[in-house]
Amino acid sequence: MTSIAFLGLGHMGLPMAVNLVKAGHEVRGFDPVPAAVEAARAAGIPIAADGADAAADADAVITMFPAGKHVLDAYRGGLLAAARPGTLFIESSTIAVDEARAAHALALAAGHRNVDAPVSGGVVGAENGTLAFMVGGSDEDFAAALPLLEAMGKRIVHCGGPGLGQAAKVCNNMVLAVSQIAVAEAFVLGERLGLEHQALFDVVSQASGQCWSITTNCPVPGPVPTSPANRDYRPGFAGALMAKDLGLALQAIEQTSTDARMGRLAQQLYAAYAAGDGAGRDFSGIITDIRER
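Below or above, wherever it landed, is the structure these notes cover. Bear in mind that the values here come from a model prediction, so they are computed numbers and not experimental data. (Residues numbered from 1 in each chain as written. Predicted model: local features only at pLDDT ≥ 70, side-chain atom pairs only at ≥ 80, totals over all residues. Heavy atoms only, no water.)

## Quick look at the environment of Asp-53
Relative to the assigned elements, Asp-53 resides in helix α3 (residues 51-55). A C-alpha to C-alpha distance of 9.3 Å links Asp-53 and Arg-28, two positions 25 residues apart in sequence. Beyond its immediate chain neighbours, meaning those up to four positions away, Asp-53 contacts Arg-28 and Ala-48. In this structure the side chain of Asp-53 is engaged in a polar contact, spanning 3.0 Å, whose partner is the side chain of Arg-28. (Helix = DSSP H or I, 4+ residues; strand = E, 2+ residues; numbered from the N terminus. Contact = heavy atoms within 4.5 Å. Polar contact = N/O pair within 3.5 Å; in protein donor to acceptor, adjacent residues only side chain to side chain.)

This is the structure in structure tokens:
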């Protein structure tokens, strides 16, 4: 049994913490949002007075924060100082690569261990314990984190040194965004050509256009009963989060002078979607914007 401080008990963090408890670990949590605290208490997660209090006696600290600023502010603001020497910090927020590397350097300077371990799989994956983790850090720290990650996910990939888990996440989500837009555009084109949704799904899902964005996250109601399209695009993975992740991708594109025209366009489209009705809707709901063009 490992003693874990889990900081950030939102839609993703809470089910991840619950799965750690189910695996036999001792978890204390904290979140600054009162509604998240109440939900965590209802799920049986003990709540600490603050993040530093949760970390003080923990073997590992897992953070699941909205942005890199929150991670670095927490690390610099007393979280690292409160933890015992050699504590393993697992940073599972989706943040910029340079922010992940800055967090790693801060943790090491304070005498701790650190890996960046962003996730893919959404709320359903968090609830079912089937998340994918992309991990950056040393071999030794990855090995230490692995049993905890396995309690929350089914696919854990060591991507290399510090920051490379976040690098993999940025690349993965850029692919996801581009493919989700392409699938949505194809369904709108099919509609205008007179194709039934089911017919187009039956072809593409078994042909060379097959991808997760059609077989799991199909953007039209009907063909995939569990897709957000059948729940009025209730996320899932919200458009605002995809816009944020594509902002990180754009930052990386510009820093590396990469010719990524599809990634740039996807970022523009999702920024517009999130600025409108898409902020709290599933990112597959961008099909509604495409229909209106």
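## Section: empty space enclosed by the protein
Using the criterion set out here, one finds one cavity of 30 Å³ or more in the structure. Its volume calculated, the largest cavity comes out at about 50 Å³. Taken together, the elements giving at least two residues each to the lining of the largest cavity come down to α5 (97-109) and α11 (239-256). A per-element tally of the lining of the largest cavity places α11 first, with four residues. (1 Å grid on protein atoms, 1.4 Å probe; cavity = no way out; pocket = protein on both sides within 12 Å on 5 of 7 lines; lining within 4 Å. Points joined across faces, edges and corners; volume = space filled by probe spheres on them.)

## Structural notes on α5
Taking 1.5 Å per residue as the helical rise, α5 with its 13 residues ought to reach 18 Å, and the 18 Å between its terminal C-alpha atoms agrees with that figure. Among the residues making up α5, those that are buried are Val-97, Ala-100, Ala-103, His-104 and Ala-107. All buried residues of α5 fall inside an arc of 120° around its axis, so they share one side. Tucked into the core, α5 has its buried residues touching α4 (68-82), β5 (113-116) and α8 (164-193). Positive phi shows up at Gly-111, right after α5, with a value of about 90°. (Expected span 1.5 Å × (residues − 1). Buried < 20%, exposed > 50% of the residue type's maximum accessible area, 1.4 Å probe, protein only. Arc of directions from axis to C-beta.)

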